[in-house]
Amino acid sequence: FCGHCGSPMVGVSGTGKSGAKHYYYVCQGHRLEKNCDKKSVVRDYIESRVVEKIKECLMDDHVIQWLVDGYDEFVVKLRSESLLSTYEKELEDVKKSLRNIMRAIEQGIFTDTTKDRLDELEEERRTLEVNISAERAMLVDVPKEHVQFLLESWRDGDISDPKISERMIDTFIKAVYLYDKDDGYRGKIVCNYTGKNNTLEFDLADLSKLEEEVCSGVRTKSILLHQ
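Enquirer: Mind showing me how you'd approach the overall build of the protein chain here?
Expert: Per the secondary structure count, the protein chain includes nine helices and seven strands. Of all 227 residues assigned to the protein chain, the portion counted as buried reaches 34%. At a minimum sequence separation of 6, the contacts of the protein chain that also span at least 24 residues come to 57%. A total accessible area of about 14600 Å² is found for the protein chain, and carbon and sulfur atoms account for 51% of it.

Enquirer: Mind showing me how you'd approach the sheet that holds strand 6 (residues 199–203) here?
Expert: Remark on secondary structure: sheet strands pair via backbone hydrogen bonds, oriented parallel or antiparallel. Overall, antiparallel pairing links the three strands, which are arranged 4-5-6 in an open sheet. Single-partner strands in this sheet number two, and they are strand 4 (173–179) and strand 6. Taking the axes of each pair of neighbouring strands and ignoring which way they run, one obtains an average angle of 20° across the sheet. Two elements, strand 5 (residues 186–191) and strand 6, share five bridges in a ladder whose sense is antiparallel. In the strand pairing of strand 6, Ile 189 is matched with Leu 200. Of the strands in this sheet, strand 4, strand 5 and strand 6 touch helix 2 (residues 43–58), which is tilted by about 125° from strand 6.

Enquirer: Explanation requested: the packing of aromatic side chains in the structure shown.
Expert: Describing an aromatic ring pair means giving the distance of the ring centres and the angle of the ring planes. Tallied over the entire structure, the rule returns two aromatic pairs. Measuring from ring centre to ring centre gives 6.1 Å for Trp 154 and Phe 172, while their planes differ by 75°; the resulting arrangement is edge-to-face. Taken as a pair, Trp 154 in helix 7 (residues 144–156) and Phe 172 in helix 8 (residues 162–172) lie far apart in primary sequence, 18 residues in all. As far as the burial class goes, Trp 154 and Phe 172 line up, both buried.

Definitions and limits used
- Residues numbered from 1 in each chain as written.
- Predicted model: local features only at pLDDT ≥ 70, side-chain atom pairs only at ≥ 80, totals over all residues.
- Heavy atoms only, no water.
- Helix = DSSP H or I, 4+ residues; strand = E, 2+ residues; numbered from the N terminus.
- Buried < 20%, exposed > 50% of the residue type's maximum accessible area, 1.4 Å probe, protein only.
- Contact = heavy atoms within 4.5 Å.
- Areas by Shrake-Rupley, 256 points an atom, 1.4 Å probe, with all protein chains shown as cover.
- Pairing = 2+ DSSP bridges.
- Axes fitted to C-alpha atoms, helices over the stretch in contact; angles between N-to-C directions.
- Phe/Tyr/Trp six-rings, centres within 6.5 Å; stacked < 30°, edge-to-face > 60°.

Following this line, the structure appears as structure tokens:
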């Protein structure tokens, strides 16, 4: 997001004279509303800086141990907030209603109203079964040792590997805000956990110079990039 106006920064691509494509992020307030002076940001540069900062601050041994130690508490909270039991009870009620309708049909009672109610209950059943599957998937027990192994593999891994960097971003980042010259070239990461220490700040290069280096002579067009 743009740190100045709060607008999303969306992906655009540009094709250079050599035919090579370049990618960067542009503030929607600047691009569409023309009410913000935020500079474009080279995608590869900003994404690598974000992952570097995550690794620097969150992949410390003490932080990893803190995350592992808090895992049990997290699982208890997740289960207490789960809607699984509610969905299961609703599904049992729907199945009971379906059985009642089927008995009525077997007795020769079948009207337009009966059919409509049958269709409605079948749709409710399908929706609840999907919801139950999703909730159960969220509540799969993962041993703490596996959690620790995963975090340590990210700490020791090559963050230039897209598979590692994308998993780290998905796991730890809620949002990233970018600021230009007036507020100092910097970024702010809002992490996926609560508390007063859930933000990380980091310095950036002069983004306008980076933009000029990459985008000089480049014809651009908007495309949707991965968020």
